[in-house]
Amino acid sequence: MEQTQKKSIGFGFFGWMLLIFQAGAFFTQVVFTNYPMNILAEFYGGGTFVPMIFTIGTFIAIILQLILSRFVGKIKNMKNLTLIFGAISLLMGCVIAFYPVPFGISAVWVAAYFVESVCVNMYCTFTCSILVGQWFPRRKGTIMGIATLLFPIGNGLISIFAANVFKTGAPTPASAFLPFLIACIITWVIGLIFVKDYPEQCGAYRDNDKSFTPEIARKMMEEEIENKKSTVWTTGHTFMSRDFWFISVTCGLLLMFAVGMMTQTATIVAQFETLNYGMVMMLIMIFGIVGSYGLGIIDTKIGTKKAIAIAVIMMILSGIFGTIQHPACLIIALILLAMFMGASSNFTVSAAAQYWRREDFSSVFACLNPVANIFNAITPSVIAFLLFSSPIGYRMCFIVTAIAGVVGLILILLFSAKHVKATDDKFRSQAGKPLDDALVGRK
C-alpha cells in the first residue's frame, strides 16, 4: 500500500470544527435540561416533576436509538440527522428560555422541555458522537475528553446563570439564557458549514493521519461504508455478548451518578450554610476540566478499560466522602464527582470504537449508548427521590453512589477485549467473512 511520509499529531482544521460541534451539542444539553431542572424547577411544577419529564423524554430517546440501531449502518447522511436533532433542540431551547414564567405547570413549557429532553439526547450523545467515532476511531478518547469539558464548564457557569435569573428579584430566565443560546447556535452553524460524515469527504484524514494518500484514504472510507451494510454485529448479536453488557452497564452507572448528582447541586450544597454555591460550582468546573481531559488522555494512551476503572474508583471515593456529614468532605466528594463527570460521556464512544472494528462501530455504539442512557434517564428522578425522601438526605445519594461504584468496578474488571475478539471471530466465521488480527492487542 502506497503511503506518504506526512504525519500529524493535531486534529486538523476540520477535526477542530467537529470537536467544537460536539462540544456545543454537550453544552446545549447542559444549558437546556440541567439549568431548568437545577435552578428553575420550582417555577415549572417542582423539583420532582421536572426531573420526571426529563426521564420520560430520555426514555423516548433511548427507544429511538434502539430502533435506529437496527439499520444505523445504512444511514447515508448522519450529519444531516445530527443537524435536524440539533435544530429542534435549539428551537425548543428558545421556548424554554422565552416562554413567560407560569409559576406552575404550563403545558407549553412542559411540552418544550419534553421534546428538548428527547432531541438533545439524540443530538449530543448519539448522532454527533457517531460522527466523532467515524472521524477519530483511534483518538476518540482525546477528542471526547476535550469536547466533554463543556459539561464541567457548563455546570460551573450555572451560578452565573442563576444570578442573572434573579438579578431583578422576579425570575427573568430569557435574558439569562440568551448568551448561552447564542453560543449553542454558533456551534450548530459550525457543524452545518464545516462537518461531513467522514473526514475524507472534505479533504481531511481519519485520525488526522496523513500517512496515506488521499486516494487510498478515500478507498478505505468507501470500503468501510460498504462493510457497515453487512456488519456481523447486528443488534441481536450485540445484545448476546457478555462483554457488551459488562462495559455498557458500567458506563451507565458512571453516567447515572455524574449527571444525576449535578441536577441537584443547588439543594445538596445548601445543606451547609458555610458553603458558597458559586465557589463550589467553580471548583466543580475546574476539577471537571482536569478530570475530563486527563481521563481522555489515559483512554487514548493506556486503554479505555483502565480509564473506566479509574473513573469508577473515583466514583467509589466520591460516595465514601459524601457520606461524611461535613462541608469539607462534601466538597471533596463533589470534586471527585466532577472529575469523572465529563469523562463518563466519553466512554460509550470510546468503548465501541476501541474494542470493535471500524465497520462495526456505529452498530455497536447504537446499542451501547441507549443501554448506558437508560441509567442516565432514571437518575434525575432517583436522585430527587433519595434527596427529598430519605431521613439522612443528600448522604443517601452518596451511599448509593458508592455501592453503584463497587458494582461498576466488578463489571469492568470482568470485561475482556480478548473475549470480544473471540466473539467477533465466531460471528465472522458464521457469516463467511475472513478472520484477521484487526482486534488483537486492543487495550
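K.L.:
Looking at this structure, I do not really get the packing of aromatic side chains. What am I missing?
P.N.:
Two aromatic rings are characterised by how far apart their centres lie and by the angle between their planes. Enumeration according to the criterion identifies 24 aromatic pairs in this entry. An angle of 55° between the planes, with centres 4.7 Å apart, marks the rings of F161 and F177 as tilted. One end of the pair, F161, is in helix α7 (residues 158–165); the other, F177, is in helix α8 (residues 173–194), with 16 residues separating them in the sequence. Centroid distance W233 to W356: 5.6 Å. Interplanar angle 90°. Geometry classified as edge-to-face. You can see W233 sitting in the loop between α9 (214–228) and α10 (235–240) and its partner W356 sitting in the loop between α16 (347–355) and α17 (358–389), a full 123 residues away along the chain. Across this residue pair, the class does not change: W233 and W356 are buried.

K.L.:
When you look at the confidence of the model for the chain in this model, what are you seeing that I'm missing?
P.N.:
In low-pLDDT segments, the atomic positions of the prediction should not be examined closely. On average, residues of the chain score 87 in pLDDT, and 97% of them reach the 70 mark or higher. Here residues 1–7 is modelled with pLDDT under 50, and outside its nearest four sequence neighbours on either side it reaches 13 contacts, counting other chains as well.

K.L.:
What is the right way to read the packing of helix α1 (residues 13–40) against helix α3 (residues 78–98) from this model?
P.N.:
Each pair of packed helices can be summarised by the angle the axes make with each other and by the distance between the axes. Here α1 crosses α3 at 35°, and the two axes come no closer than 11 Å. As for how α1 packs across α3, the hand of that crossing is left-handed. Residues F21, T28, F32 and P36 of α1 pack against T82, L83, S89, L90, G93 and I96 of α3. Partitioned by chemical class, the residues of the contact of α1 with α3 number 6 nonpolar, 4 polar and no charged.

K.L.:
What's the story with the layout of surface pockets in this structure? I'm lost.
P.N.:
Regions of empty space are outlined by a rolling probe, equal in size to a water molecule, passed over the atoms. Roughly 880 Å³ of volume is contained in the largest pocket. Lining the largest pocket we find 32 residues, and of these P137, R138, D207, M220 and R358 sit closest to its centre. Among the secondary structure elements, those contributing two or more residues to the lining of the largest pocket are α9, α13 (277–302), α16 and α17. Element by element, the count of residues in the lining of the largest pocket is highest for α9, at 6 residues. In terms of residue class, the lining of the largest pocket is made up of 10 nonpolar, 5 polar and 17 charged.

K.L.:
What is the right way to read the nonpolar core from this model?
P.N.:
Side chains of nonpolar character tend, in soluble globular proteins, to be buried together. In terms of nonpolar packing, the biggest core is built from 141 residues, with F21, F161, F177 and F340 touching the most fellow members. Those residues within four positions of F161 in sequence are excluded, and the remaining contacts are Y35, I39, L40, A176, F177 and F180.

Rules of the game
Residues numbered from 1 in each chain as written. Predicted model: local features only at pLDDT ≥ 70, side-chain atom pairs only at ≥ 80, totals over all residues. Heavy atoms only, no water. Phe/Tyr/Trp six-rings, centres within 6.5 Å; stacked < 30°, edge-to-face > 60°. Helix = DSSP H or I, 4+ residues; strand = E, 2+ residues; numbered from the N terminus. Buried < 20%, exposed > 50% of the residue type's maximum accessible area, 1.4 Å probe, protein only. pLDDT = per-residue confidence, 0-100. Contact = heavy atoms within 4.5 Å. Axes fitted to C-alpha atoms, helices over the stretch in contact; angles between N-to-C directions. Left-handed = near helix turned anticlockwise from the far one by under 90°. Nonpolar A, V, L, I, M, F, W, Y, C, P; charged D, E, K, R; others polar. 1 Å grid on protein atoms, 1.4 Å probe; cavity = no way out; pocket = protein on both sides within 12 Å on 5 of 7 lines; lining within 4 Å. Points joined across faces, edges and corners; volume = space filled by probe spheres on them. Core = buried A, V, L, I, M, F, W, Y, C linked by side-chain atoms within 4.5 Å.

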